[in-house]
Amino acid sequence: MAADLEALAGALLDVAARAGADAADAIVVEGSSLSIDVRNGTLERAERAEGIDLGLRVLMGRRQACVSASDSRPGTLAEMAERAVAMALEAPEDPHAGLAEPAALAPAGARDAGALLLADPAPEPGPAELEEAARRAEAAALAVPGVSRMDGAGAGYSARRLHLAASNGFSGGYARTGSGLSAVAISGEGIAMERDYDGDYRTHRADLRSAEEIGRIAGERAAARAGARKPPTGAFPVLFDERVAGSLVGHLLAAINGSAVARGASWLRDAMGARVLPPGLSLIEEPHRPRSTSGRPFDAEGLPTGTRALVEAGALRSWVLDLATARKLGLSSTANAARGTSAPPQPSVSHVALTPGTQDRAGLIADMGTGLLVTSLIGSTINPNTGDYSRGASGFWVDNGQIAHPVNECTIAGNLHDMLLRIVPGNDARPHLSRVVPSILIDGMVLAGA
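Please read all numbers here as calculations on a predicted model, not as lab measurements.

Engineer: Tell me about the overall build of the chain, and name the residues and values.
Structural biologist: Counting its regular elements, the chain contains nine helices and 19 strands. What you see for the chain is a C-alpha radius of gyration of 24 Å, in line with the 22 Å of a compact globule of 450 residues. Dimensions of the chain, computed from the C-alpha atoms along their principal axes, are close to 70 × 55 × 35 Å. When each of the 450 residues of the chain is scored for burial, the buried share is 51%. A fraction of 71% describes how many contacts in the chain between residues 6 or more apart in sequence connect residues 24 or more apart. For the chain, the computed accessible surface area is about 18700 Å², with 52% contributed by carbon and sulfur atoms. One way to put it: in the chain the 42 positive side-chain charges average out to a point 2 Å from where the 52 negative ones average out.

This is how it looks when you write it as structure tokens:
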């Protein structure tokens, strides 16, 4: 596949104008993916997918409608436009709908994603290469003493190109690739089985950790969970391992998302300028960090992205806004629009990083005394209006600064506003993730176990 995405996006705008649309924007996405799963040394699944998706949004005054298709023939494009215009004429008015002003669009020189290194120039790996990597990861996990079986290992690759164009004059696109490898190992038998995993995902395949390392770590983690039991009930320090600590920042990002704030359904809706993290910590959005898994040169409405502080020195400084939510709040967009082909833009962050601490995870474990190290979270009960937090957890019990034994079947609870004000971060974050968040220690959380 090698479709001219810019020409397709332009053709969608042309048919929208001929159908009578006052304004329109179009997004065209072409992609392919390959995934391989093995279990017990046997190929279990091999899938390849490729295709092209087209999305068209038309505006008739302040009424809008979106349509999508996976067929790029001229007749289909014309039918898309006719249907979209007919739908928009029947849609309710939205006073906040509309494209960006031309003066606010990312300049032509800022639309090139080449410097972000989002696309791997290396050739796409073949199925045999991916299968071999998955087999090596599985074999490395099975070689760890205490591993009783595998829940599988998988390898995958994806490549995607997109182009966005709008009747306000914007036109820009970029490509993105991704390579992944993972393994899930099991220790114990019957109802005493415990599982754990390891995996890696990168924009460039050369950056992936080796299959042997991924398999070995998955096996060691699963073996370490053998004999897990419930912890005691009470108030204890809780250390969120780096693998799960990003979920805490995720709850903060959800609370400052413009959609939630505009609806009044956020526990931070009145917190602009107030302290939401300890004074020494900031949360920075970095959409231009090279080789990141979620960087982008412009947002889904053509506005230029850039580094900015969501939280600065502990104080909340910005909402996460697209054009519509910004207009609802009487503010300007923060260039955080994201969209697929079948719906209008919604606010979403790209790459964010939390200020790191000075200690590694071992140092935080030593400091916490007696409490819970959480390595896995299941389910969630998060009240978006109050920030009340309750999640199932498993991990390890820490006694006098040392890991004592694995634990499972427990619940941790608190209030996100209070929890985030007490966080102590480590320094073990992985910089390529979309959320660069280290292990996080929080004292005095409620733990329900045995």
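Once the structure has been displayed, the description carries forward.
Engineer: Help me get a handle on the sheet that holds strand β2 (residues 42-60), residues and values and all.
Structural biologist: One open sheet accounts for six strands, arranged β3-β2-β1-β4-β5-β6; its pairing is antiparallel. Each edge of the sheet is formed by a strand with only one pairing partner; in this case those strands are β3 (63-69) and β6 (194-202). Between one strand axis and the next, the sheet turns by 20 degrees as a mean value, whatever way the strands run. Here 14 bridges tie strand β1 (residues 23-39) to strand β4 (residues 147-166), and the two strands are oriented antiparallel to one another. Across the sheet, residue Ser-32 finds its bridge partner in β4, namely Ala-159. Each of β4, β5 (171-187) and β6 touches helix α4 (residues 211-224); the most contacted strand, β6, lies at about 155 degrees to it.

Engineer: An account of helix α3 (residues 127-142) is needed here, citing residue identities and associated values.
Structural biologist: A rise of 1.5 Å per residue sets the reference length of α3, with its 16 residues, at 22 Å; its end C-alpha atoms lie 23 Å apart and thus fit the reference within 8%. Along α3, the positions that sit buried rather than exposed are Leu-130, Glu-131, Ala-133, Ala-134, Ala-137, Glu-138, Ala-140 and Ala-141. Considering only its buried residues, α3 is in contact with β1, β2, β4, β5 and α4.

Engineer: How would you explain empty space enclosed by the protein if you had to name every residue and give the values?
Structural biologist: Under the counting rule described, the total for this entry stands at one cavity of 30 Å³ or more. By volume, the largest cavity amounts to about 50 Å³. If you go around the largest cavity, the residues you meet are Asp-25, Arg-57, Leu-99, Ala-100, Leu-164, Ala-165, Ala-166, Asn-168, Phe-170, Ala-300, Glu-301 and Gly-302. Counting residues per element, the lining of the largest cavity draws most heavily on β4, which supplies three residues. Class assignment of the residues belonging to the lining of the largest cavity gives a composition of seven nonpolar, two polar and three charged.

Engineer: Provide a residue-level description of the side chain of Asp-200, including the pertinent values.
Structural biologist: In this structure, Asp-200 sits in strand β6. For Asp-200, a relative accessible area of 6% translates into the label buried. Reaching out from Asp-200, the side chain makes a polar contact with the side chain of Arg-202 at a distance of 3.0 Å. Excluding anything up to four places from it in sequence, Asp-200 contacts Ser-179, Gly-180, Leu-181, Asp-207, Leu-208, Arg-209, Ile-214 and His-432.

Engineer: Go over the pattern of salt bridges, please, and point to the residues and values.
Structural biologist: Within this structure, the stated rule accounts for 35 salt bridges. Arg-45 serves as the salt-bridge partner of Glu-47, at 2.9 Å between the closest nitrogen and oxygen. Of the residues examined, Arg-45 reaches a relative accessible area of 29% and is grouped as partly exposed. Residue Glu-242 is joined to Arg-430 by a salt bridge in which the shortest nitrogen-to-oxygen separation is 2.9 Å. In this pair, Glu-242 sits in helix α5 (residues 242-255) while Arg-430 sits in the loop between β17 (424-425) and β18 (435-436), placing the two residues 188 residues apart along the sequence. Salt bridges linked by common partners bring Asp-198, Asp-200, Arg-202, Arg-209, Glu-213 and Arg-221 together as one network.

Each value, and the rule that gives it
Residues numbered from 1 in each chain as written. Predicted model: local features only at pLDDT ≥ 70, side-chain atom pairs only at ≥ 80, totals over all residues. Heavy atoms only, no water. Helix = DSSP H or I, 4+ residues; strand = E, 2+ residues; numbered from the N terminus. Rg over C-alpha atoms; globule rule 2.2 N^0.38 Å. Buried < 20%, exposed > 50% of the residue type's maximum accessible area, 1.4 Å probe, protein only. Contact = heavy atoms within 4.5 Å. Areas by Shrake-Rupley, 256 points an atom, 1.4 Å probe, with all protein chains shown as cover. Lys, Arg positive; Asp, Glu negative; His and termini not counted. Charge placed at Lys NZ, Arg CZ, Asp CG, Glu CD. Pairing = 2+ DSSP bridges. Axes fitted to C-alpha atoms, helices over the stretch in contact; angles between N-to-C directions. Expected span 1.5 Å × (residues − 1). 1 Å grid on protein atoms, 1.4 Å probe; cavity = no way out; pocket = protein on both sides within 12 Å on 5 of 7 lines; lining within 4 Å. Points joined across faces, edges and corners; volume = space filled by probe spheres on them. Nonpolar A, V, L, I, M, F, W, Y, C, P; charged D, E, K, R; others polar. Polar contact = N/O pair within 3.5 Å; in protein donor to acceptor, adjacent residues only side chain to side chain. Salt bridge = Lys/Arg side-chain N within 4 Å of Asp/Glu carboxyl O.

Any functional reading would require information that these geometric values do not contain.
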